[in-house]
Amino acid sequence: MLSPERLLDAPLPELFAELNVTLDESSITDPNFTGAAVVTRDRVILSMRVGQPHWERDAVARVLLGRVLDVLLSPLPEPYRISEV
């Protein structure tokens, strides 16, 4: 089980390798799109916008991983929203 501390403190490349996460550069260029997570049988795919600021990509990736892995985290600040489809 992944702890909130590990999710927030570990370097993203290390987390991605440990959790079998693939980062996909999205073709969506709308600045309102910050990312999406797709869960398959054997991995998690994070789709993130090209040109996204590093700080935003880092925060959104961690929150999306927390959501799909059921790790309790504080919500993102406004104007960010997490939607499930």
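Because the structure is a prediction, the values reported are computed rather than measured.

Quick look at unusual backbone geometry now. Backbone geometry places Asn 20, a non-glycine residue, at a positive phi of 60°. Among the secondary structure elements, Asn 20 is positioned in the loop between helix H2 (12-19) and strand S1 (21-26). For Asp 70, which is not glycine, the phi dihedral falls at a positive 60°. Mapped onto the fold, Asp 70 is located in the segment after helix H3 (54-68).

Attention now moves to the nonpolar core. Ranked by internal contacts, the top residues of the largest apolar core, which has 16 residues, are Phe 16, Leu 46 and Leu 65. For this core, the secondary-structure elements that each account for two or more residues are H2, strand S3 (44-49) and H3. Considering each element in turn, this core owes the most residues, four residues, to H3. In this structure Leu 46 touches Phe 16, Val 21, Thr 22, Leu 23, Asp 24, Ala 36, Ala 37, Ala 61, Leu 64 and Leu 65, once residues within four positions along its chain are discounted.

What sets the pattern is the α-helix's 3.6 residues per turn: residues three or four places apart point alike. Here H3 spans 21 Å end to end across 15 residues, near enough to the 21 Å set by a 1.5 Å rise per residue. Within the sequence span of H3, burial applies to Glu 56, Arg 57, Val 60, Ala 61, Arg 62, Val 63, Leu 64, Leu 65 and Gly 66. The inward-facing, buried residues of H3 contact helix H1 (4-9), H2, S1, strand S2 (36-39) and S3. Asp 70 lies just past H3 and shows a positive phi near 60°.

Rules behind the numbers
Residues numbered from 1 in each chain as written. Predicted model: local features only at pLDDT ≥ 70, side-chain atom pairs only at ≥ 80, totals over all residues. Heavy atoms only, no water. Helix = DSSP H or I, 4+ residues; strand = E, 2+ residues; numbered from the N terminus. Core = buried A, V, L, I, M, F, W, Y, C linked by side-chain atoms within 4.5 Å. Buried < 20%, exposed > 50% of the residue type's maximum accessible area, 1.4 Å probe, protein only. Contact = heavy atoms within 4.5 Å. Expected span 1.5 Å × (residues − 1).

Read these as layout, nothing more, since geometry by itself doesn't imply function.
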